[in-house]
Each structure stands twice: as C-alpha cells, then as structure tokens.
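# Overview (structure and organization)
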Amino acid sequence: MPERTLPLCAALIGSYSKSEKWEGLFEVLRLMVDDRMLPNEYLELTILKACSAVTLLRSGKMVHGYVVRKELAADTFERDVVSRTTLVSAYMEWKDSFGYSFFGRDASMQQKGLKPRVTSWNVIISGCVDNGYFEDALDLFSEMLRFPHNPNDVTIVSILPACASLKALKLGKTIHGYAIKSDLYRNICVDGSLVDMYSKCGRNDYTEKVFIEIETKNTVVGNKMIAAYVNTGEMEAALGLLKSMQNDGLKPDEITYNTLLAGCARNGKKNEAYALLSDMTLIDMKLNIVSFNVLISGFQQYGLSREALSALVDMYVKCHDIGSAIKIFWKIEDKNTVAWNSVIAGHIYNSQPEEAFKLFHKMLSEGAEPSSITMMILLLGCGEMGALYVGRQLHSFVVKHNLDELHNKLLTALIDMYAKFNCISDAKLVFDFIVNKDLGTWNSMISAYSINGMAENAIALFQQMEMLGIVPDNKTFLALLTACSRDGLVDEGWKYFNSVTKNYGIFADLEHYKCMVGNMGLRVY
C-alpha cells in the first residue's frame, strides 16, 4: 500500500463522498487522525457534508470548532460564501438553531466581502421551514428581496410552506403573483406548492384553479389535490381524481392510497375503503403500517368499531401473524365479509388451505355472503391443495350466485386455476364466456397456453389480440417468450423479443432475458 499522504486521503474522502459511502469516508478520516494528518480548508467542507448526511451533530461541531480554532485561511466560513452556506445547511439539517444565527448574526455580511447567493438564501429559508421557524423564514425572504439576486423557483417552493403553516393567504397570493410575473409559474414544483398552500389556507377554489391549469401533471401534484379534497370531506371528488390519474397514465403510489384510505375511513365510506385496499393488493402495492393505522383511526373516529377491528385483523394477516389475527377476528361480534376474507386469506398465504376452507364453510353457516374476492382467495387455495374438484365446486358456486357478472378479475382467477390443473379446455371456455375482455384476461389465457406447452395457440391468441387493437404489456411478452422457450420455437422467440421495444416501446426486463438465455441454450443443443 502506498504511503498515506494528504492528497491521497483527500482523493479517497472525495470519492467516498461522491458515492455516499460514509463509513469508508470516516475510516479514512480516522487513519488521518492516527497519522496526525490534519485536514485543510477544502477537505473540512467534505467532512462537514458527511457529518450532516449521517446526522453527526457533535462531530460536525468539532469540525467547525477545529476550523475556527486553527484559523484555516483566516476562517474559511467567514471568507467564503460557499463554505458558509455548507455550514449553515449542516446545522439546519441537525435542527440546530445556530445555523440561523450564524447566517444572520451579521446583517452587514457585505462588509466582509460576502455576498449571499440565491442558494445561500434558499438553504437557510428551507432550513427554517423544515425546523418550524416559519416567521423567521418569512423575515429572511423579505430580507432577501433587498439583495440584487432575485428569488428562483427553489425559493418559491421553500417559502410557500411557511405561508401555508401560518395561514398567510394574502402573502401566499402575493408570492403566487411574483411567480407568474417571474415566469416561474409553469414549474411543476412551484405549481404543486401553490396547490398545497391554497389547500391549507382553506381556499380549495384557488387550489382547483391552479391544479386545472397545470399542463403536465405528475403523481406528486395529484396527491396534493387529492389531499385537498380529503381535508374538506369531498371524497367523491377525491376518488374521481384517482380514476382520472389512472386514465391519464399517472401511477398512484402509497401516499395516494393512504390519503384516500384516511378520508374514506373518517367519512364512514367503508365499502370504498375496502375497495381501495383490494386495488392496492391487485396492483402488487405493499400495504404498510400507515395504511392500517389510518384505517383503524378513521373508523374509530366515525364510530365504526367493527370496521376498525376488521382492519386490525387484516394488518396482522399482512404481517404474517395469523395467530393474533384469529384472536381479534373471533372478538368481532357482527363479522362482515371483509373480516372473513382477511382470515381466509391469512390461512392461504400461510400455506394452510384446509383451514381456509373450514373457515369458508363456517362463514356460510353463519349467513355471511361471500364476495368475488372470497372466491379469488379460495381459488388460490385449490391450486395449493391440488384439489381440482374443489375448484369446480367453487366455479359452480360463482355461477349460481352470479358472482361472475362484470367481474373480469374473478373469471381470470378461474382461468389461472384451470391452467394449473392442465384443464386448458375449461380455461378456454371461461375465457370465451367473458364479453368485455381486458388486458389481464388476455394475458391469463396466453399464460395458460404457455404453461401447458401450447406455444402455437399462445401466438395465435396474441395475434388475435393485436388485431383487436389491445396493446400488450411486459406480462404479455413474458408469457409469449416463455411459451416459445418451452416449445423450442427459437426464431419466433427472438422475433417477439426484438418487437418488445421496437413496436411497443416496452423495455425488456430480467425475466425476458432469462427466457432468451433459455432460447439460446436450445439453439446450441
């Protein structure tokens, strides 16, 4: 190993900082200290940034004290606005008010040759807002306007939350006017902050106006508009906006659903809340503790103790604690379908299908009505038990009770069940029965052919799907490539692999490449 020198250590520390490998950075710093090698005025800024990143307040203060004590370059922080900004930013991230006092302790900073840049003002303003010093943030914003540098979009985004927290609507409108005048209005971050500010100031009329005028919306700004509706109890508008987002190609996230769950629960809209939970599960969105907390809290506020307990059961199931879920479940006096579904699903997910079907029979004996979701859960259990006859009985139950009407997801689950038992003709009968087939239905039938070694049928069905103008997705191509790989259709496999991006703009992922590796193996042998 070469001899440790200050330039070598500085290079290592700089590299670790860029890649955010803080442990390595501090290890190099420790070796420097062991060798009695002290950092210079440039290196200490990098170390300070690292202390800030891992919230080491004491270490950061030691670095600051070291610089002042050694008078590095006549005190780096007093001579260099960048260094000063770095120090202020670190203190604000540590939630230490010294950062604010250090920045503002000398009103005549220019006397020392320091001219604060816009970034300097933005750091201290956002730091004040993040730490709850809203009035100080507004004072600093006013002070900033006396300097030659004009506020930019980051400044506007930083100061608007202070207006919102203080309900300073008049000032917020003034800043809005400044943003329009300065051509910052069409910035999505500024627009989102305006939506949030007007909402928290109780002016949803302004909120809607700003939101409607945003040309290119994203999920973040959509979430803020949904939150605005939820806060005023306008749940129909909030749920309607969710559908609009989905139709416009925006992908709702956990914040979207948790905000809507809280609103539905607080307003007693239990069916809508459970539908949202179901949607989250169907799109493979992981339910987190926040989802269940807002449900339980909201139901309790509305006086729906049964629904709160049902949500608690579901939470324990999702946490794989089936024992606690069962204990809570039997404490519910008037059990609803959602509660039954939760414990049945819990047994299925914990590889206890027999217990799940025992509960289903108990559910029927107590007069509870199974839903399409109940059937979808139980169909998964049939595959795990290897019980085709039970699956057929469930199919008969579905038809007898009209649970299949306008419910493609349940019919798709039936296709999947029959495919697993190699009953491809039964799967095809269910597929043909569906009048308004969606993409998920087509994918399920193509997969059914694929797993049963019927690649030519899968390809023919895909071509039929294309003729009807239905746009395929990643799952469609994965089923096709799998079919080609299993049946040794090497050329066809490459044809569809190349068309994924070329014809449909879909980027191949790891699973697609795995199929093609299998295809290449077939060509070799």
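Residues numbered from 1 in each chain as written. Predicted model: local features only at pLDDT ≥ 70, side-chain atom pairs only at ≥ 80, totals over all residues. Heavy atoms only, no water.

Let us look at the overall build of the protein. Across its full length, the protein holds 31 helices and zero strands. Sorting the 525 residues of the protein into buried and exposed places 47% on the buried side. The long-range fraction of contacts in the protein, counting pairs at least 24 apart against all pairs at least 6 apart in sequence, stands at 60%. When the accessible surface of the protein is totalled, it reaches about 26,900 Å², and 53% of it is carbon and sulfur. (Helix = DSSP H or I, 4+ residues; strand = E, 2+ residues; numbered from the N terminus. Buried < 20%, exposed > 50% of the residue type's maximum accessible area, 1.4 Å probe, protein only. Contact = heavy atoms within 4.5 Å. Areas by Shrake-Rupley, 256 points an atom, 1.4 Å probe, with all protein chains shown as cover.)

Attention shifts here to the layout of surface pockets. In this structure, the largest pocket encloses a volume near 2,000 Å³. Lining of the largest pocket is provided by 50 residues; of these, Thr281, Leu282, Ile283, Met376 and Lys409 occupy positions nearest its centre. Secondary structure elements with two or more residues in the lining of the largest pocket: helix 17 (270–282), helix 19 (305–318), helix 21 (337–349), helix 23 (372–385), helix 25 (408–420), helix 27 (439–451) and helix 29 (474–486). When its volume is computed, the second largest pocket comes out at roughly 450 Å³. As for the second largest pocket, its lining consists of Gln246, Gly249, Leu250, Lys251, Pro252, Tyr257, Asp279, Ile283, Asp284 and Met285. Considered class by class, the residues forming the lining of the second largest pocket number five nonpolar, two polar and three charged. (1 Å grid on protein atoms, 1.4 Å probe; cavity = no way out; pocket = protein on both sides within 12 Å on 5 of 7 lines; lining within 4 Å. Points joined across faces, edges and corners; volume = space filled by probe spheres on them. Nonpolar A, V, L, I, M, F, W, Y, C, P; charged D, E, K, R; others polar.)

In this section: the pattern of salt bridges. According to the stated counting rule, one finds seven salt bridges in the structure shown. One salt bridge connects arginine 146 with glutamate 143, and the closest N-O pair in it is separated by 3.1 Å. Taking relative accessible area as the criterion, arginine 146 reaches 67% and is therefore assigned exposed. Here glutamate 143 falls in the partly exposed class, since its relative accessible area comes to 26%. (Salt bridge = Lys/Arg side-chain N within 4 Å of Asp/Glu carboxyl O.)

On to the packing of aromatic side chains, then. For the structure shown, the criterion picks out nine aromatic pairs. Residues phenylalanine 360 and phenylalanine 397 carry aromatic rings whose centres are separated by 6.0 Å and whose planes lie at 75 degrees to one another, so their mutual orientation is edge-to-face. With phenylalanine 360 in helix 22 (residues 353–365) and phenylalanine 397 in helix 24 (residues 388–400), this pair connects stretches of sequence that are 37 residues apart. With a centroid separation of 5.2 Å and an interplanar angle of 80 degrees, the aromatic rings of phenylalanine 431 and tryptophan 442 are classed as edge-to-face. With phenylalanine 431 in helix 26 (residues 424–433) and tryptophan 442 in helix 27, the pair connects residues that are eleven residues apart, well separated along the chain. Neither phenylalanine 431 nor tryptophan 442 differs from the other in exposure class; each is buried. (Phe/Tyr/Trp six-rings, centres within 6.5 Å; stacked < 30°, edge-to-face > 60°.)

Contact geometry of helix 19 with helix 21 gives a least axis separation of 9 Å together with a crossing angle of 10 degrees. Compared by their axis directions, helix 19 and helix 21 come out roughly parallel. When you trace helix 19 past helix 21, the crossing you get is left-handed. Residues Ser310, Val313, Asp314 and Val317 of helix 19 form the contact with helix 21, whose participating residues are Ala339, Ser342, Val343 and Gly346. Among the residues making up the contact of helix 19 with helix 21, the classes are represented as four nonpolar, three polar and one charged. (Axes fitted to C-alpha atoms, helices over the stretch in contact; angles between N-to-C directions. Parallel < 35°, antiparallel > 145°, perpendicular 65-115°, else oblique. Left-handed = near helix turned anticlockwise from the far one by under 90°.)

Our focus in this paragraph is the packing of helix 17 against helix 18 (residues 289–302). When two helices pack together, their arrangement is given by the angle between the helix axes and by the axis-to-axis distance. Contact pair helix 17 / helix 18: the axes reach a minimum separation of 12 Å and the direction vectors enclose 175 degrees. In this view, helix 17 runs roughly antiparallel relative to helix 18, as classed from their interaxial angle. Residue-level contacts link Lys270, Ala273, Tyr274, Leu277 and Met280 of helix 17 to Ser291, Leu295 and Phe299 of helix 18. Tallied by class, the residues present in the contact of helix 17 with helix 18 amount to six nonpolar, one polar and one charged.

Val313, Ile344, Met375, Leu394, Ile415 and Met445 are the most contacted members of the largest nonpolar core, which totals 71 residues. The dominant element in this core, judged by the number of residues it contributes, is helix 25, at eight residues. Leaving out residues up to four positions away in the same chain, valine 313 has contacts with Ala325, Ile328, Phe329, Ile332, Ser342 and Val343. Residues Phe141, Cys163, Met225 and Leu242 belong to the second largest nonpolar core, which totals 62 residues. (Core = buried A, V, L, I, M, F, W, Y, C linked by side-chain atoms within 4.5 Å.)

Taken as a whole, the protein shows an average pLDDT of 80; of its residues, 81% reach a score of 70 or greater. No element of the protein has a lower mean pLDDT than helix 5 (residues 76–79), at 43, and none a higher one than helix 14 (residues 219–231), at 94. Low pLDDT, under 50, characterises residues 56–62; the stretch is placed with 13 contacts to residues that sit more than four places away or in other chains. Here residues 71–111 is modelled with pLDDT under 50, and outside its nearest four sequence neighbours on either side it reaches 105 contacts, counting other chains as well. (pLDDT = per-residue confidence, 0-100.)

Positioned with a positive phi, aspartate 183 is a non-glycine residue whose angle comes to about 60 degrees. When you line up the elements, aspartate 183 lands in the loop between helix 11 (169–181) and helix 12 (188–200). Residue aspartate 183 is classed as exposed on the basis of its relative accessible area of 66%.

Attention shifts here to helix 13 (residues 204–213). Within helix 13 the residues assigned to the buried category are Asn204, Thr207, Val210 and Phe211. One face of helix 13 carries all of its buried residues, which in axial projection span an arc of 120 degrees. Along helix 13, the residues that are exposed and aim more than 90 degrees away from the buried face are Lys209 and Ile212. If you follow the buried residues of helix 13, they end up packed against helix 11, helix 12, helix 14 and helix 15 (235–247). (Arc of directions from axis to C-beta.)

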